[in-house]
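Overview (structure and organization)
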Amino acid sequence: MLSPLAKNIIKTLAYYDIFSYPLNADEVFHNLPVNHCTSIEVKYELEHLCAKNILFRIDDFYLLKNEREFVQRRINGNRLCDKRLKSAFRMSKLISKFPFVRAILLSGSISKGFMEKDSDVDYFIITKPGRLWVTKMFLTIFKKIFLLNSRKVFCINYYIDYNHLEIEEKNVFTAIEIATLNPVFGKEYYDEFYEKNIWIKNYFPNFPKRNNQMIDKDNPGRLQKLLEKLFDNRVGDWLDDFAMKLFSKTISKKFRYLDKNDFALAFKTTKCESKYHPKFFQKKVLISFEEKLNQLQQSLKISLM
């Protein structure tokens, strides 16, 4: 008979097993869906589950499979991430100089401290209201011309304006993605974004807020000020509407084979939000997680739902 804490530990490791990513004891504690326990109790339960051969411990990491290659993969990915963070910080400083950018957060795998050779560097951008699509247009043009459309060093798949910071989709996937966002620019907007999405505590009450003390301060340059002044009028209103319609038309045409539900999940095109997730990563992860839990329930003969 497993305790409720033991079941939640298994569920936590099951989610990360989808990515073949083992966790240390502190990470298990932070990712638990409950908060009526201490980190010491979690460590004790982890060792108890290992003694029963339900879990495995390799070095300082816990996982569902006794696979040392997963541990080495994680260590290598953590090291590569440390190297690529430096270039991501430099790129973030450049992005922060674009007009109407108010905050920049690293997302995706780099925000979780893990990268592989073919991993993209993902960014989450908060913009001034009414200029989200102008911002996206400028950054897209820059990426296509100066970065040869490279996703590896510059992939912005989510824009939101600072008047609409609460994320509509609320599930375990989006909660982890929000909790792990790594703010690099725009401290006050990150703080407000975090408060607007405090619902993530319903999923991960122990997950600590990201350190925001080292976030770059807003120090707009002359060109940024000039461009914002130039487009902070009816011309800017027209351009923002035009850019939104252009992007919307392009996406609709490119992915016209998708049904309405899949399209709505992968893309969002409104005046205050732009989401571009054509690989349906969220859907794939949630389906895989459910399948993983069903497999564990059958093999362990317990209920994890």
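Above: the structure in question.
Anyway, here's the lowdown on the structure attached to this text. (Residues numbered from 1 in each chain as written. Predicted model: local features only at pLDDT ≥ 70, side-chain atom pairs only at ≥ 80, totals over all residues. Heavy atoms only, no water.)

**Examining the side chain of E177**
The following threshold applies: Secondary structure elements are taken from DSSP: a helix is a run of H or I of four residues or more, a strand is a run of E of two residues or more, and numbering for both begins at the N terminus. Counting of polar contacts relies on pairs of N or O atoms within 3.5 Å, with two restrictions inside protein: one atom must be capable of donating a hydrogen and the other of accepting it, and residues adjacent in sequence are counted only when both atoms are side-chain atoms. For this analysis, residues touch if any pair of their heavy atoms sits within 4.5 Å.
Within the fold, E177 resides in helix 6 (residues 172–179). Among the polar contacts listed, one links the side chain of E177 to the side chain of K112, at a separation of 3.1 Å. Sequence-distant contacts of E177, defined by excluding residues within four places in its chain, comprise G108 and K112.

**Considerations on the pairing of strand 7 (residues 267–270)**
If a strand is regular, its side chains alternate between the two faces of the sheet. Formally: Strand pairing is assigned whenever DSSP identifies at least 2 bridges connecting the two strands.
Alignment of strand 7 against strand 8 (residues 273–276), held across 4 bridges, turns out to be antiparallel. Directly across from T269, in strand 8, lies its bridge partner S274. Adjacent in sequence and paired antiparallel, strand 7 and strand 8 are bridged by 2 residues.

**With respect to the packing of aromatic side chains**
Keep this limit in mind: Between rings of Phe, Tyr and Trp, where Trp is taken as its six-membered ring, a pair exists when centres lie within 6.5 Å; planes separated by under 30 degrees are stacked, by over 60 edge-to-face, and by other angles tilted. Residue burial is assigned from relative accessible area. The probe radius is 1.4 Å, only protein chains are included, and a residue is buried under 20% of its type maximum, exposed over 50%, and partly exposed in between. Criterion for a charge above a ring: Arg CZ or Lys NZ at most 6 Å from the ring centre, at most 35 degrees from the ring normal.
For the structure on display, the rule yields 22 aromatic pairs. Look at Y21 and F114: their rings are 5.4 Å apart centre to centre, the planes differ by 80°, and that puts the pair in the edge-to-face class. Pair noted here: Y21 is in the loop between helix 1 (4–17) and helix 2 (25–30) and F114 is in the loop between strand 3 (101–107) and strand 4 (122–127), with a separation of 93 residues, a long-range link. As far as the burial class goes, Y21 and F114 line up, both buried. An angle of 75° between the planes, with centres 6.0 Å apart, marks the rings of F173 and F281 as edge-to-face. Of this pair, F173 sits in helix 6 while F281 sits in helix 11 (residues 281–300), placing them 108 residues apart in sequence. The exposure class of F173 is buried, given its relative accessible area of 8%. A relative accessible area of 44% means that F281 is categorised as partly exposed. Within the aromatic cluster, the residues linked to one another by ring pairs are Y15, Y16, F19, Y21, F114, F173, F281 and F289. The side chain of K136 reaches across the aromatic face of F247, ending 4.9 Å from its centre.

Any link to function would need more than the numbers given here.
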